[in-house]
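# Geometric and topological summary
Each chain is listed here by its residues.
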Amino acid sequence: TTVQILGYDRPKNDYNSYVSPLYLGTDYDVYCYADDDLCQGCKVTNGVSFAHITSTKQFIRTKDQTRPNMRYIHAESIARDEIIITLQVDEGSKVWC
């Protein structure tokens, strides 16, 4: 089964009628579990425990479609065949020189 998550419930007040959108380049913890529907005449579901729900935790990061901003700080030669280049980036990234 494929589940598409477009937002999440985050009530500000008594009215839970809106969904907060997901943001690009953001880390989210997602918990996926199933719970039976109530049967005819049943008062409670035969659901899962809180411990089981927390064990389903998945770390998910939404796509980051912006490139990192990089700034040249300094470069120096430390040997005949070595140079140290210092760069500053504004987000986690891999840098190749």
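Residues numbered from 1 in each chain as written. Predicted model: local features only at pLDDT ≥ 70, side-chain atom pairs only at ≥ 80, totals over all residues. Heavy atoms only, no water.

## Describing the overall build of the chain
For clarity, the cut-off: Elements are defined by DSSP. Helices are runs of H or I of four residues or more, strands are runs of E of two residues or more, and each kind is numbered from the N terminus. Throughout this description, buried means an accessible area under 20% of the type-specific maximum (1.4 Å probe, protein chains only), exposed means over 50%, and partly exposed covers the range between. Here a residue-residue contact requires only that any non-hydrogen atoms of the pair lie within 4.5 Å. For the area figures, the Shrake-Rupley method with a 1.4 Å probe applies, and any residue is considered shielded solely by the protein chains shown.
For the chain, the helix and strand inventory stands at 1 helix and 6 strands. N-terminal to C-terminal, the α/β element order of the chain is β-β-β-α-β-β-β. Residue burial in the chain is summarised as follows: out of 97 residues, 7% are buried. Taking the contacts inside the chain whose residues are at least 6 apart along the sequence as the reference set, 35% of them involve residues at least 24 apart. Working note: accessible area of the chain is about 9200 Å², and carbon and sulfur atoms make up 52% of it.

## Looking at the pattern of salt bridges
Opposite charge on two side chains permits them to pair, given that their charged atoms come into close proximity. To keep things clear, this is the line we draw: A side-chain nitrogen of Lys or Arg and a carboxyl oxygen of Asp or Glu constitute a salt bridge if their distance falls within 4 Å.
Evaluation of the coordinates by the stated rule reveals 2 salt bridges. Asp-29 is paired through a salt bridge with Lys-57; the nearest N and O atoms lie 3.6 Å apart. Of this pair, Asp-29 sits in strand E3 (residues 27–30) while Lys-57 sits in the loop between helix H1 (50–54) and strand E4 (58–61); the two residues are 28 residues apart in sequence, bridging distant segments of the chain.

## Overview of the layout of surface pockets
Our working definition: Here the term cavity refers to a set of points on a 1 Å grid, laid over the protein atoms alone, in which a 1.4 Å probe fits but cannot get out; the term pocket refers to an open set having protein on both sides within 12 Å along at least five of seven lines, with lining residues being those that place an atom within 4 Å of a point. Grid points are joined across faces, edges and corners, and a volume is the space filled by probe spheres set on the points. Any residue outside Ala, Val, Leu, Ile, Met, Phe, Trp, Tyr, Cys, Pro, Asp, Glu, Lys and Arg is labelled polar, Gly included; the first ten of those are nonpolar and the last four are charged.
For the largest pocket, the calculated volume is near 260 Å³. In terms of lining residues, the largest pocket is bounded by Val-3, Ile-5, Tyr-8, Leu-22, Tyr-28, Asp-29, Val-30, Tyr-31, Cys-32, Ile-60 and Thr-62. If you tally residues by element for the lining of the largest pocket, the top one is E3, at 3 residues. The class makeup of the residues in the lining of the largest pocket is 9 nonpolar, 1 polar and 1 charged.

## Looking at the pairing of strand E5 (residues 70–79)
Note the cut-off: For two strands to be treated as a pair, DSSP must find at least two bridges joining them.
Here E5 pairs with strand E6 (residues 82–89) via 8 bridges, running antiparallel. Along E6, the bridge assignment pairs Arg-71 with Gln-88. Counted between consecutive antiparallel strands, the loop separating E5 from E6 contains 2 residues.

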